[in-house]
Amino acid sequence: MRRFLTTLALLCGAGGSAAAQSSAFDVRALGIPQPPLSARAVGMAGSASLLDGMSATNPAAITSIIGLTIGFNMFQNWRSSTTPGGTGSGADAGMPNLILVNRIKDTPYYFAGSFGSYTDRDFGFVTTGSTPVNGQPVEFRDSLESRGGTSDFRLAVGYRNKSTLAVGLGIHFITGSNRFFLSRIFDDSLFAPVRQRSELAYNAIGMSLGAVFHPIEPLLISGLVRRDGSMNVDRDSLQAYTYELPWTFAGGLQYQLKGRGTVSAEFTYTTWADANQELLANGGTGAENSLDAALGVELTTSGRQPSKFPLRFGVRSRKLPFPLTPGVQPSEFSVAVGTGGRFAKNHAAADIALQRLWRSDDSGFSEDAWVLTFGLTLKP
């Protein structure tokens, strides 16, 4: 696998012609963190995710769901990336969140099971160059492709004390894999193509503790502490190494606008730098702590039916934890809009959100993307 890491480092800084597919910022460590949010939360740029029972973030939030509820969402994105070696574009799709929530009958306890994204690491790079053979340069074309990422399977239980306080506990099983395909094709047909393949498999167990507090009628306060333990990494079915996953500390506020909607704000701090030394020791560029801040609103458009086509808007700014170049931390800024509605006698709801995001660092890498998210919620 060190050959892959070395080649990847060369590709990220290579001269000549280069192109990237999917996200250029997926290439290091675990890729880009992707919290498992509902389409409603995405429409507010994640600013209310700690209060959204259909987002698998805060286990205490599941106590806001009435009756058996099943939800899932899917996305489609279109990206354009710029690297020091050139530009490229790509598109991909996925299902980042699937969740089931229910209340234990005649008790103040709730339970939930969810399966969603943790990080994404789909990318592809193509470069061209030359290498000397018997003193003569031979042109070649290299391509490196990765498919995979990590997922978060969560089991959660929540408890609500009347309408004032709710607490929740979540157990997280983090698992996933990356399949790498590296090929080199020479312009001179006398040289046979060279191909390599490798796979990394990941697994870890984490725990989260969350709360939702309702001190006065228009105000909700949320908090979360999460610890994701140690990540075990297998390389081609053999134990390779382990490194520490982060602590996450998050808090949020939501204020009711007298029946006209809500304003939400959320902050998240994640200690990804806990993995820095081990990632450096295994050929990576390390890890940095990340800070995520989001602000959003949800405004009603119908006084009689507040859930009918509300207008959602949000902005989000965050630092990405895995630098492409040592010491240069990437950042991301995004805006989002969304809406939704209920149908089938309120037994179903559909939500849609559209994001526009920009990622960049100071070493010549940047990208912009459109992300369309659709979610469906069912109450059998």
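None of the values given here were measured: they were computed from a predicted structure. (Residues numbered from 1 in each chain as written. Predicted model: local features only at pLDDT ≥ 70, side-chain atom pairs only at ≥ 80, totals over all residues. Heavy atoms only, no water.)

1. Thoughts on the overall build of the protein
A tally of helices and strands in the protein yields 3 helices and 19 strands. Taking the principal axes of the C-alpha coordinates as reference, the protein spans close to 80 × 40 × 35 Å. The proportion of buried residues among the 380 residues of the protein is 48%. For the protein, the proportion of contacts with a sequence separation of at least 24, taken over those separated by at least 6, is 63%. As presented, the protein carries roughly 17500 Å² of accessible surface, and 60% of it is formed by carbon and sulfur atoms. The distance from the centre of the 33 positive side-chain charges to the centre of the 30 negative ones in the protein is 10 Å. (Helix = DSSP H or I, 4+ residues; strand = E, 2+ residues; numbered from the N terminus. Buried < 20%, exposed > 50% of the residue type's maximum accessible area, 1.4 Å probe, protein only. Contact = heavy atoms within 4.5 Å. Areas by Shrake-Rupley, 256 points an atom, 1.4 Å probe, with all protein chains shown as cover. Lys, Arg positive; Asp, Glu negative; His and termini not counted. Charge placed at Lys NZ, Arg CZ, Asp CG, Glu CD.)

2. A closer look at the pairing of strand β7 (residues 136-161)
The side chains of a regular strand alternate between both faces of the sheet. Pairing geometry for strand β5 (residues 109-120) and β7, over 11 bridges, is antiparallel. When the bridges of β7 are listed, S117 appears paired with S151. Strand direction decides the pairing type here: strand β6 (residues 123-133) and β7, joined by 11 bridges, are antiparallel. Bridge assignment links F125 to a residue of β7, and that residue is L144. Taking the residues that link successive antiparallel strands as the turn, the β6-β7 hairpin has 2 residues, and the phi of N134 there is positive, at about 55°. Pairing between β7 and strand β8 (residues 165-186): 22 bridges, direction antiparallel. (Pairing = 2+ DSSP bridges.)

3. Some words on the pattern of salt bridges
Evaluation of the coordinates by the stated rule reveals 15 salt bridges. A salt bridge links R356 to D368; the nearest nitrogen and oxygen atoms lie 3.5 Å apart. Remark: D368 occurs in strand β19 (residues 366-378) and R356 occurs in strand β18 (residues 348-360); sequence separation between them is 12 residues. Looking at D368, the relative accessible area reads 28%, which means it is partly exposed. The network of salt bridges with common partners includes R40, E298, R312 and D351. (Salt bridge = Lys/Arg side-chain N within 4 Å of Asp/Glu carboxyl O.)

4. With respect to empty space enclosed by the protein
Within this structure, the stated rule accounts for 2 cavities of 30 Å³ or more. In this structure, the largest cavity spans a volume of roughly 540 Å³. Elements with a minimum of two residues in the lining of the largest cavity: β5, β10 (219-227), β13 (247-256), β14 (261-270), β15 (290-299) and β16 (311-319). By residue number, the principal contributor to the lining of the largest cavity is β14, which donates 4 residues. Looking at side-chain class alone, the lining of the largest cavity contains 15 nonpolar, 9 polar and 8 charged residues. (1 Å grid on protein atoms, 1.4 Å probe; cavity = no way out; pocket = protein on both sides within 12 Å on 5 of 7 lines; lining within 4 Å. Points joined across faces, edges and corners; volume = space filled by probe spheres on them. Nonpolar A, V, L, I, M, F, W, Y, C, P; charged D, E, K, R; others polar.)

5. Focus on the layout of surface pockets
Here the second largest pocket defines a volume of roughly 670 Å³. As for the second largest pocket, its lining consists of 35 residues, of which Q34, F75, P96, S117 and D120 are closest to the centre. Of all elements in the fold, only β3 (69-83), β4 (86-103), β5, β7, β16, β17 (331-343), β18 and β19 reach the threshold of two or more residues within the lining of the second largest pocket. Split by residue class, the lining of the second largest pocket holds 12 nonpolar, 15 polar and 8 charged.

6. Looking at the confidence of the model for the protein
It should be kept in mind that the predicted coordinates are not to be read in detail where pLDDT is low. Residues of the protein with pLDDT of at least 70 account for 94%, and the chain-wide mean is 89. Confidence over residues 1-21 falls short of pLDDT 50; this stretch has 59 contacts with residues more than four positions distant or in other chains. (pLDDT = per-residue confidence, 0-100.)

7. As for the side chain of R318
On the secondary structure map, R318 appears in strand β16. Side-chain polar atoms of R318 contact the backbone oxygen of P33, separated by 3.0 Å. What R318 contacts, discounting residues up to four positions off in sequence, is I32, P33, L291, D292, S331, E332 and R359. (Polar contact = N/O pair within 3.5 Å; in protein donor to acceptor, adjacent residues only side chain to side chain.)

8. Describing the packing of aromatic side chains
When we look at a pair of aromatic rings, we describe it by the centre distance and by the angle of the planes. This model, assessed by the stated rule, comprises 8 aromatic pairs. When the ring of Y109 is compared with that of Y159, the centres are 5.2 Å apart and the planes differ by 45°; the resulting orientation is tilted. Taken together, the positions of Y109 in strand β5 and Y159 in strand β7 put the pair 50 residues apart, joining distant regions of the chain. Aromatic side chains F186 and F191 sit 5.4 Å apart centroid to centroid with 40° between the ring planes, which places their arrangement in the tilted category. The class for F191 is partly exposed, based on a relative accessible area of 30%. Through a chain of ring-to-ring contacts, three or more aromatic side chains come together here, namely Y118, W272 and F322. (Phe/Tyr/Trp six-rings, centres within 6.5 Å; stacked < 30°, edge-to-face > 60°.)

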